[in-house]
Amino acid sequence: MDDTQLEIKLRANGFSEKNIILLRKRLQTPDGELKTLHILLSELRKRFYISVAIVIFMFLMAGYATFARNTGNGYWYFGAIIILCIYLFAATPIGIAWKATRFLNKEG
């Protein structure tokens, strides 16, 4: 399937025109020349799963530090989680990554 057909499927599955334009711009960068739209969507899915795993791990650490150790450091962990989430939202386009994950899981 070429990129044009895939773009039509993406529009039918909830991607906006703005999302598709951002994906096309990413493919036009020098390091994106050898990539296809499907490979880019797969990379976004990996980033989404890694981001979710990092946030869950940090919440587990913060919960353990808050409730099990009584040292008062747990609140600092929750502050670090907030900063980490802001960074992850800036580094990974979570909205597009979530749509890519949902699309690839649906399409198989």
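Rules behind the numbers
- Residues numbered from 1 in each chain as written.
- Predicted model: local features only at pLDDT ≥ 70, side-chain atom pairs only at ≥ 80, totals over all residues.
- Heavy atoms only, no water.
- Phe/Tyr/Trp six-rings, centres within 6.5 Å; stacked < 30°, edge-to-face > 60°.
- Helix = DSSP H or I, 4+ residues; strand = E, 2+ residues; numbered from the N terminus.
- Buried < 20%, exposed > 50% of the residue type's maximum accessible area, 1.4 Å probe, protein only.
- Salt bridge = Lys/Arg side-chain N within 4 Å of Asp/Glu carboxyl O.

1. Observations concerning the packing of aromatic side chains
Thinking step 1. Following the criterion strictly, the structure yields two aromatic pairs and no others.
Thinking step 2. Judged by centre distance (5.5 Å) and plane angle (50 degrees), the rings of Phe48 and Trp98 are tilted. Taken as a pair, Phe48 in helix H3 (residues 37–67) and Trp98 in helix H5 (residues 94–107) lie far apart in primary sequence, 50 residues in all.
Thinking step 3. For Trp98, a relative accessible area of 41% gives the class partly exposed.
Thinking step 4. Linked through ring pairs, Phe48, Tyr49 and Trp98 together constitute an aromatic cluster.

2. Thoughts on the pattern of salt bridges
Side-chain pairing between opposite charges can occur once the charged atoms of the two side chains come close.
Thinking step 1. If you walk through the whole model with that rule in mind, you get six salt bridges.
Thinking step 2. With a shortest N-O distance of 3.3 Å, Lys9 and Glu107 are connected by a salt bridge. Of this pair, Lys9 sits in helix H1 (residues 3–12) while Glu107 sits in helix H5, and the two are 98 residues apart along the sequence.
Thinking step 3. The class for Lys9 is partly exposed, based on a relative accessible area of 32%.
Thinking step 4. The closest approach of N and O atoms between Glu17 and Arg24, which form a salt bridge, is 3.7 Å.
Thinking step 5. Residue classification places Glu17 among the partly exposed positions, given a relative accessible area of 37%.
Thinking step 6. Within the structure, one salt-bridge network assembled from shared partners comprises Glu7, Arg11, Glu17 and Arg24.

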